[in-house]
Amino acid sequence: MKIVTVVGARPQFIKAAVVSRALAGHRQHVKEVLVHTGQHYDANMSDVFFNELDIPRPAYHLGIGGGPHGQNTGRMIESIEIVLLSEKPDWMLVYGDTDSTLAGALAASKLHIPVAHVEAGLRSYNRRMPEEINRVLTDHLASLLLVPSEGAKDNLRSEGIIGSKVRVAGDVMYDAALYYREKARRPATEALDALGDNGFALCTIHRAENTDDNGRLQGILTGLAALPTAVILPLHPRTRSRMAAAGIHFPDNVRVIDPVGYLEMVWLEANCRMVLTDSGGVQKEAYFHGKPCITLRDETEWVELVEIGANRIVGTSSVAIGQAYEQMLACEISGAVQPYGKGHAADLVIEALLEGHPVKSGARTAVSVDD
Ligand code: UDP
């Protein structure tokens, strides 16, 4: 069986690391061909993950990044199509909700190559998010939808995607959290050294709805400035360039550092007091590492953690951020409930791919997985 996997952005490297490692255990009968679109291209947004997470070198690097959504997606489809015509895989494997995800799914489905979507079924129900458009379209193109939770399966059902195409696999990022926890590394940065034992909150900001709206960005920064703690903020390149363009500065208690590798990020998540973020992945990792989370958005796809009480959606009002911080400090995260599987999602993904292997099942698009 041959799988072409398309990745392009930071969270996809982490998800692919887990699945590619599990796939390596099947190398006698499975060949994975990795395609990196180039959507994230800075060394600390891409290379560091390949190096420290032992991800196989991409067989193809398309070098497409930095442009607007339409241009990026169009160029990716064109290049991925060429790869697919040459590789003729049995599966296209895509992760998450980026332009690379959608481009992979579109290119493959037009060539009648079945698409497997890992992290399917998530919805914010906010169509202003580019990620939401990518998710919905990819799910509707996919032949195999690997969902992280029962709730994600319900979302698909309400859109008419049902039956043997959908499998509850759990979240591969939970697998990653468990596997890499032992390997976590304290970042060597003066920002941390200067804190001594005083502790810190961890913040990330990169969603377009925040970075591209000065009012929202300013609300977050005013909220952070009023917190009774230092804040470590590994700064996403998009946020850095938007803030520079808008002339917005960070408050004194916010210690900005460059984006860190995953092992350092895990250390920060495991050692902070609290996480404040607009990231999808970081919301979950806060929970996996026993920390309360404040989500700097108006909604989340990861609703289970809000229901458990471990995550609070506050938007970008500075007052709401301050109040939530005080209240969430008392929140004990036991981790007794794990809504995103048992930590072997990657194995379930591979099992589903093997079961649905077109040659085995006798039809290119038939996927014989259980409801
Ligand atoms: N991450 C990282 N270094 C950083 C910030 C984030 O390794 O400086 C990791 C984080 O631990 C998580 C993933 O990147 O696994 C989340 O990616 P991001 O927030 O960019 O995207 P999202 O999850 O919102 O799609």
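Predicted model, so just to flag it, every value in this text is computed and none were measured.

### Describing the confidence of the model for the protein chain
Counting all residues, the mean pLDDT for the protein chain is 94, and 96% of those residues have values of 70 or more. For the stretch residues 359-371, pLDDT sits under 50, and the model shows 32 contacts to residues farther than four places along the chain or on other chains.

### Quick word on the packing of helix H3 (residues 69-87) against helix H4 (residues 99-110)
A pair of packed helices is captured by two measures, namely the crossing angle of their axes and the spacing between those axes. Between H3 and H4, the least distance of the axes is 8 Å, while the angle of their chain directions is 45°. One element, H3, and the other, H4, form an angle in the oblique class. When the axes of H3 and H4 are compared, the crossing they make is right-handed. Taken together, the residues of H4 that come into contact with H3 (itself represented by His-69, Asn-72, Thr-73, Met-76, Ile-77, Ile-80, Glu-81 and Leu-84) are Asp-99, Ser-100, Leu-102, Ala-103, Gly-104, Leu-106, Ala-107 and Ala-108. Partitioned by chemical class, the residues of the contact of H3 with H4 number nine nonpolar, five polar and two charged.

### Some details on the pattern of salt bridges
Considering all chains together, one arrives at 21 salt bridges under this definition. Here Arg-135 and Glu-301 are joined by a salt bridge, their closest N and O atoms 3.4 Å apart. Placement of the pair is Arg-135 in helix H5 (residues 130-141) and Glu-301 in the loop between strand S12 (293-295) and helix H14 (303-308), with a sequence separation of 166 residues. Note on Arg-135: relative accessible area 3%, which makes it buried. Note on Glu-301: relative accessible area 6%, which makes it buried. In this structure, Arg-167 engages Glu-351 in a salt bridge whose closest nitrogen and oxygen atoms are separated by 3.4 Å. Of this pair, Arg-167 sits in strand S7 (residues 166-168) while Glu-351 is found in helix H16 (residues 345-355), placing the two residues 184 residues apart along the sequence. The partly exposed category is assigned to Glu-351, whose relative accessible area is 37%. The structure contains a network of salt bridges with shared partners spanning Asp-97, Glu-132, Arg-135, Glu-209, Arg-297, Glu-299 and Glu-301.

Cut-offs applied
Residues numbered from 1 in each chain as written. Predicted model: local features only at pLDDT ≥ 70, side-chain atom pairs only at ≥ 80, totals over all residues. Heavy atoms only, no water. pLDDT = per-residue confidence, 0-100. Contact = heavy atoms within 4.5 Å. Axes fitted to C-alpha atoms, helices over the stretch in contact; angles between N-to-C directions. Helix = DSSP H or I, 4+ residues; strand = E, 2+ residues; numbered from the N terminus. Parallel < 35°, antiparallel > 145°, perpendicular 65-115°, else oblique. Left-handed = near helix turned anticlockwise from the far one by under 90°. Nonpolar A, V, L, I, M, F, W, Y, C, P; charged D, E, K, R; others polar. Salt bridge = Lys/Arg side-chain N within 4 Å of Asp/Glu carboxyl O. Buried < 20%, exposed > 50% of the residue type's maximum accessible area, 1.4 Å probe, protein only.

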